[in-house]
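Observations on the model geometry
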Amino acid sequence: MYRNHTCGEIRMENNGQEVLLAGWVQRVRNLGGMTFIDLRDRYGLTQLVVDDQSTNEVKNVASGLGREYVVQARGVVRERSSKNLKIATGEVELHISELNVLNSAATPPFTIQDDTDGGDELRMKYRYLDLRREAVRKNLELRAKMAHVVRNYLGSKDFIETETPVLIKSTPEGARDFVVPSRMNPNQFYALPQSPQLFKQLLMVAGFDRYYQIVKCFRDEDLRADRQPEFTQIDCEMSYVHQEDVLNMFEGLTKHIFKELKGIDIIDFPRMTFADAFEKYGNDKPDLRFGMMIHEMTDLVKGKEFKLFDEAEYIGGICATGCGEYTRKQLDALTEYIKKSQIGGSGLIYAKVNSDGTVKSSVDKFYSSEDVQKWAARLEAKPGDLLLVTFGTKERALPVISALRLEMGRQCGLMDKEIFKPLWVVDFPLLEWSEETQRFFAMHHPFTSPKPEDIALLDSDPGKVRANAYDLVINGVEIGGGSVRIFDSALQAKMFKILGFTKEAAEDQFGFLMNAFKFGAPPHAGIAFGFDRLVSMFAGLDSIRDVIAFPKNNSGRDVMNDSPSPIAQTQLDELYLKMVKTE
Ligand code: ASP
């Protein structure tokens, strides 16, 4: 037997018992003839003691220990003279009677404790050591728990967990595919799935009725903090359902996860149309942890000789509660902020409501105090508040003011990570026009059903057609998205046509789906949750990297095993591939 207890479970109740532990040496301290060893495993840390009553053999072994040695220790539990109440085992220690080194260890490149001295790159390179740290491991434990909770819930609702293939046909609509050459089929390629979308729809044709899978998906996109080339979805599909049924089912799942993992009862679960979200929050993923809603002011401010407003299509503002004391420097910093290239604002106008109710604006030359009082009334400002106003085309000004709203939320401390405000955003546009390629793209994907009442618009004004598509948004983060699907092959063919596919291209890429639809496809709908994002939100983290055991870095590289990497000429030959020179 290697051990009969873990390093995290010994308490005062075990006082006097003999126990056997195994784990890693986190730290060795020699204090006046006594040696203290912190022994760590997945469950915690226990202090081992070697003193003058210990055998020479134990003393000898203890004196040769280094950090991260793997050891086994037998001893008697006793009360500590100086207790450490910060850790669960901090009232006790183990007086060792037997100490065996199971394996030695090279000196680790960084300290393996909560406040490590290792930088990001180093910790990524030695990820298996980083994973020994509680701070990192607990994120992975949370991930495992969440997967368990999700499986239990969906299992209890009769969802069948079904695996779908990883080597599939390339259908590069959406993001770029990762492709895999086929040795047995020269010059032909599989793709890794961006999602199991088509397979889950085929499972509905197959009569599976309720499907789910916690599944790896792959997208060859540029990376950001919340993106990895491979990521995990909770992917689901249901038959004989309307949008409402799907929303209710997955609202249930979301509430269940919050209850089980955080003990939180989510009561409010509002629904907001895409159009409303854009008007009031400037984007399609509103953060409802705070108000500060956007108000349009175009009708209020025109015709006062202020050129920037007179020439703008749209003028809108927010009221930053309690920020009336902002200094010139802070206001300049906000202007700088919205002018950053990623945000693209053209300018910021502000007005303060003083504590006595009088107002002062940055455009006093053009607007009287009665004018500005009207702005204050529109934005529901009170004494001590700050009005922030921006302008431009509606399409561009709203996202700018949305970024400003979020920045003010941050500055005012309104984005508490332990408060969760989920909502459904519904009625997305079906199509998105691309100026660059002069064609429509599916906003969600080409299998999404238009709203039945908008189908007539498909011919006359496709840009106006709304979709039966929905996103689950929590705290300003898109956590999930899905849609009611087209299940009629004629409508699907029409969709492909609007998306610029020739009949042949549609047939070549999606013929198998259209064919399947000829054999009795039930009405169906589904959704996929970004599992990594959900876990990172529950863990209070900003990056999904920290909830993935072996993540890639920002260039899509695994710095631990140094991939991607070249392959041997013989491998290339077998695959009929040739290397080309790059700059
Ligand atoms: N397959 C979709 C996605 O990955 C989700 C869905 O429509 O179910 O975004």
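In the block above lies the structure referred to throughout.
So, a few notes on the structure that sits alongside this text. Note that the structure is predicted; figures quoted are calculated from it, not measured.

1. Here we look at the overall build of the chain
- A tally of regular secondary structure across the chain gives 17 helices and 22 strands.
- Judged by the C-alpha coordinates and their principal axes, the chain covers about 90 × 75 × 55 Å.
- The buried share of the chain, taken over its 583 residues, is 49%.
- Long-range contacts, defined here as pairs at least 24 residues apart, represent 65% of the contacts in the chain between residues at least 6 apart.
- In the structure as shown, the chain presents an accessible area of about 29,300 Å², 50% of it carried by carbon and sulfur atoms.
- If the 74 positive side-chain charges of the chain are averaged to one point and the 85 negative ones to another, these points end up 2 Å apart.

2. A word on the packing of helix H5 (residues 197–205) against helix H15 (residues 503–517)
- Closest axis-to-axis distance for the H5/H15 pair is 10 Å, and the angle between their directions is 20°. Our classification of the angle between H5 and H15 gives roughly parallel. Between H5 and H15 lies a crossing whose hand is left-handed. Of the residues in H15, those in contact with Leu198, Gln201, Leu202 and Val205 of H5 are Phe510, Phe512, Leu513, Ala516 and Phe517.

3. Notes on the side chain of Asp235
- Along the polypeptide, Asp235 turns up in strand E10 (residues 230–239).
- Of note is the side chain of Asp235, whose polar atom sits 2.7 Å from the side chain of Lys200.
- In this view, Asp235 contacts Pro196, Lys200, Tyr211, Tyr212, Gln213, Val215, Ile527 and Ala528; residues no more than four positions away in its chain are not counted.

4. Here's the deal with the packing of aromatic side chains
- Within this structure, the stated rule accounts for 23 aromatic pairs.
- Between Phe306 and Phe309, the ring centres sit 4.8 Å apart and the planes meet at 80°, which makes this aromatic pair edge-to-face. We note that Phe306, like Phe309, is buried.
- Arranged with centres 4.9 Å apart and planes meeting at 70°, the rings of Trp433 and Phe440 form a pair that is edge-to-face.
- Members of the aromatic cluster, joined through ring pairs, are Phe306, Phe309, Phe366, Tyr367, Trp375 and Phe391.
- Positioned above the aromatic ring of Phe290 is the side chain of Arg405, whose terminal nitrogen or guanidinium carbon lies 4.1 Å from the ring centre.

5. A closer look at the site of the ligand
- Taken together, 13 residues surround the ligand, and among them Gln197, Lys200, His444, His445 and Arg485 come closest.
- In the model, an oxygen atom of the ligand is placed 2.7 Å from a nitrogen or oxygen of the His444 side chain.
- Ile527 is positioned such that a nitrogen or oxygen atom in its backbone is 3.4 Å from an oxygen atom of the ligand.
- Protein chains shield 88% of the accessible area of the ligand, which is 270 Å² for the free molecule.
- Looking at the shell around the ligand, the elements with two or more residues in it are H5, strand E21 (477–484) and strand E22 (524–530).
- Per-element accounting of the shell around the ligand gives the leading share, three residues, to E22.
- Class assignment for the residues of the shell around the ligand results in two nonpolar, eight polar and three charged.

6. Thoughts on a negative patch on the surface
- A cluster of like negative charges, contributed by Asp114, Asp115, Asp117 and Glu134, occupies part of the molecular surface.
- Counting through the fold element by element, Asp114 comes out in the loop between strand E5 (92–103) and helix H2 (120–125).

7. Quick notes on the layout of surface pockets
- Of the pockets and cavities examined, the second largest pocket occupies roughly 780 Å³.
- Taken together, 33 residues form the lining of the second largest pocket, with Gln26, Asp38, Leu45, Asn84 and Ile87 sitting closest to its centre.
- Breaking the lining of the second largest pocket down by element, the ones donating at least two residues are strand E1 (18–31), strand E2 (34–41), strand E3 (44–50) and helix H4 (134–156).
- Counting residues per element, the lining of the second largest pocket draws most heavily on E2, at five residues.
- Partitioned by chemical class, the residues of the lining of the second largest pocket number eight nonpolar, nine polar and 16 charged.

8. Things to note about the environment of Ala62
- For Ala62, the position within the fold is in helix H1 (residues 56–63).
- Ala62 sits 27 residues away from Thr35 along the chain, and the two C-alpha atoms are 7.6 Å apart.
- Apart from residues no more than four positions distant in its own chain, Ala62 is found in contact with Ile37, Val50 and Leu99.

9. Thoughts on the pairing of E5
- Bridging between E3 and E5 involves two bridges; their strand directions are parallel. Considered in E5, the bridge of Val49 is made with His95.

10. A closer look at the nonpolar core
- Ranked by size, the top nonpolar core spans 42 residues in total, and within it Leu154, Phe250, Trp424 and Tyr470 carry the most contacts.
- By size, the runner-up hydrophobic cluster in this structure holds 32 residues, among which are Phe440, Ala506, Phe510 and Ala521.

11. Thoughts on the sheet that holds strand E14 (residues 349–353)
- In spatial order, the strands read E12-E13-E16-E14-E15; together these five strands make up an open sheet with antiparallel pairing. Since the sheet does not close on itself, it has two edges, and those belong to strand E12 (295–296) and strand E15 (359–361), each with one partner.
- As judged from the two bridges shared by E12 and strand E13 (residues 314–320), these two strands associate in the antiparallel manner. Note on E13: the bridge partner recorded for Glu296 is Gly316.
- Each of E14 and strand E16 (386–392) is contacted by helix H10 (residues 328–339), which is oriented at about 30° to E16, the strand it contacts most.

About the cut-offs
- Residues numbered from 1 in each chain as written.
- Predicted model: local features only at pLDDT ≥ 70, side-chain atom pairs only at ≥ 80, totals over all residues.
- Heavy atoms only, no water.
- Helix = DSSP H or I, 4+ residues; strand = E, 2+ residues; numbered from the N terminus.
- Buried < 20%, exposed > 50% of the residue type's maximum accessible area, 1.4 Å probe, protein only.
- Contact = heavy atoms within 4.5 Å.
- Areas by Shrake-Rupley, 256 points an atom, 1.4 Å probe, with all protein chains shown as cover.
- Lys, Arg positive; Asp, Glu negative; His and termini not counted.
- Charge placed at Lys NZ, Arg CZ, Asp CG, Glu CD.
- Axes fitted to C-alpha atoms, helices over the stretch in contact; angles between N-to-C directions.
- Parallel < 35°, antiparallel > 145°, perpendicular 65-115°, else oblique.
- Left-handed = near helix turned anticlockwise from the far one by under 90°.
- Polar contact = N/O pair within 3.5 Å; in protein donor to acceptor, adjacent residues only side chain to side chain.
- Phe/Tyr/Trp six-rings, centres within 6.5 Å; stacked < 30°, edge-to-face > 60°.
- Lys NZ or Arg CZ within 6 Å of the ring centre and 35° of its normal.
- Near = heavy atom within 4 Å.
- Nonpolar A, V, L, I, M, F, W, Y, C, P; charged D, E, K, R; others polar.
- Patch = residues over 30% accessible without salt bridge, like charges linked within 9 Å, V, L, I, M, F, W, Y side chains within 5 Å.
- Salt bridge = Lys/Arg side-chain N within 4 Å of Asp/Glu carboxyl O.
- 1 Å grid on protein atoms, 1.4 Å probe; cavity = no way out; pocket = protein on both sides within 12 Å on 5 of 7 lines; lining within 4 Å.
- Points joined across faces, edges and corners; volume = space filled by probe spheres on them.
- Pairing = 2+ DSSP bridges.
- Core = buried A, V, L, I, M, F, W, Y, C linked by side-chain atoms within 4.5 Å.

In short, the description is geometric, and any link to function would need to be established separately.
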